[in-house]
Amino acid sequence: MDAETKTDAETDTAAAPPQRAGRRPRDMALSMIVLLVPVFLLVVFYRFLGHEEPPAVDTTEVYGSVQRAGQFELLKPEGLPKDWRIASATYTDDVLRLGVTAPDDGAMQIVESAKPTDVLVADVVAKEAKKAGTVTVNGVQWQWYSDARPGERALVQVSGDRTVVVVGRASEEQIQQLAGSLKA
């Protein structure tokens, strides 16, 4: 075949521009901007309306369960600054657990139970936890425990049939402040 006798299919292929295999990076960037703008606006409005604070939990039902069980005298945190929050509250297997958040990323837990102290400390603080000293908070003796989980501190107080553990990732002052707030 010479050059002048090409078929129609061959001339159409030679004249057609090449097809693009994909989209240009500019198109992808514009698509991402279109998707991110509404998300950004939602976050800004959410913060502007003041919904940054974590919700506080109503502990009434959990405290009622503890009192009905009658295993130990209940201690409740009272008089904490308004920027402290009870974030969780549970009472299972005769153990009360209150999760408390404090400013500066302080995260603590109050654990109260009638279980033996060594069992509760092993469960809550660490199996290898050891007494590391004594501190008096509002006239009550508390034991500092060392060898807790990394980054955590723990205070333990035993009174009659009740053991109270205040443990968490917070400063010593915050742990002591939370322990001092516990009232019957």
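Reading the values: rules and limits
Each chain carries its own residue numbering, running from 1 in the written order of its sequence. This being a predicted model, a pLDDT of at least 70 is required before a residue's local features are given, and a value of 80 or more before pairs of side-chain atoms are given or counted; all residues contribute to the totals for chains, interfaces and linings. Side-chain numbers here rest on the full set of heavy atoms in the structure, without hydrogens or water. Strands are runs of DSSP state E lasting at least two residues, helices are runs of H or I lasting at least four, and both sets are numbered from the N terminus onward. The contact rule is simple, with two residues in contact once any of their heavy atoms fall within 4.5 Å. Strand pairing is assigned whenever DSSP identifies at least 2 bridges connecting the two strands. Helix axes are fitted to C-alpha atoms over the stretch in contact, other axes to C-alpha atoms as well, and angles between N-to-C directions run from 0 to 180 degrees. The rule is simple: take the accessible area with a 1.4 Å probe, protein chains only, and divide by the maximum for that residue type; under 20% is buried, over 50% is exposed, in between is partly exposed. This arc is built from the directions going out from the helix axis to the C-beta atoms.

**Things to note about the environment of Gly99**
At step 1: By the secondary structure assignment, Gly99 is in strand β3 (residues 95-102).
At step 2: Taking the C-alpha atoms as reference, Gly99 lies 9.8 Å from Val167; in sequence the two are 68 residues apart.
At step 3: Beyond its immediate chain neighbours, meaning those up to four positions away, Gly99 contacts Arg85, Ile86, Ala87, Ser88 and Met108.

**Comments concerning the pairing of strand β6 (residues 140-146)**
At step 1: In terms of strand pairing, strand β5 (residues 130-137) meets β6 through 7 bridges, oriented antiparallel. Bridge assignment links Lys130 to a residue of β6, and that residue is Ser146.
At step 2: Hairpin geometry of β5 and β6 is characterised by an intervening segment of 2 residues between the two adjacent antiparallel strands and by a positive phi of about 50° at Asn138.
At step 3: Of the pairings in the sheet, the one linking β6 to strand β7 (residues 153-159) comprises 3 bridges and is antiparallel in character. Bridging from a neighbouring strand, Tyr145 pairs with Ala154 of β7.

**Points about the sheet that holds β7**
Sheets are built from strands paired through backbone hydrogen bonds, the pairs being either parallel or antiparallel.
At step 1: Across the sheet, which stays open at both edges, the 7 strands sit in the order β2-β3-β4-β8-β7-β6-β5 with antiparallel pairing between neighbours. Either end of the sheet is taken by a strand with one partner, and the two such strands are β2 (85-92) and β5. Recorded for the sheet is a direction-independent mean angle of 20° between the axes of neighbouring strands.
At step 2: Strands in contact with helix α3 (residues 60-69) are β2 and β3; relative to β2, the strand with the most contacts, it is inclined by about 35°.
At step 3: In this fold helix α4 (residues 117-124) packs onto β3, β4 (106-113), β6, β7 and β8 (162-169), with an angle of close to 20° to the strand it touches most, β8.

**Brief notes about α3**
At step 1: By the burial criterion, the buried members of α3 are Val62, Tyr63, Gly64 and Val66.
At step 2: Gly70 occupies a position one or two residues after α3 and carries a positive phi of about 65°.

**Remarks on α4**
At step 1: Three or more residues of α4 are buried, namely Leu120, Val121 and Val124. End-on, the buried residues of α4 take up no more than an arc of 100°, which puts them together on one face.
At step 2: Its buried side turned inward, α4 meets β3, β4, β6, β7 and β8.

**Some remarks on unusual backbone geometry**
When glycine is set aside, most residues are seen to have a negative phi, and most peptide bonds are trans.
At step 1: The phi dihedral of Asp94 falls on the positive side, at around 60°, and the residue is not glycine.
At step 2: With relative accessibility at 35%, the residue Asp94 sits in the partly exposed group.
At step 3: Residue Asn138 is not a glycine yet carries a positive backbone phi of 50°.

**What to know about the pairing of β3**
At step 1: Among the 8 residues that make up β3, 6 are buried, leaving the element largely enclosed by the rest of the structure.
At step 2: Two strands pair when backbone bridges link them, and β2 and β3 are joined in this way by 7 bridges, in the antiparallel orientation. Bridged to Ala89 within β3 is Leu98.
At step 3: Linking two consecutive strands that pair antiparallel, namely β3 and β4, is a turn of 3 residues; a positive phi of about 60° is found at Asp104 within it.

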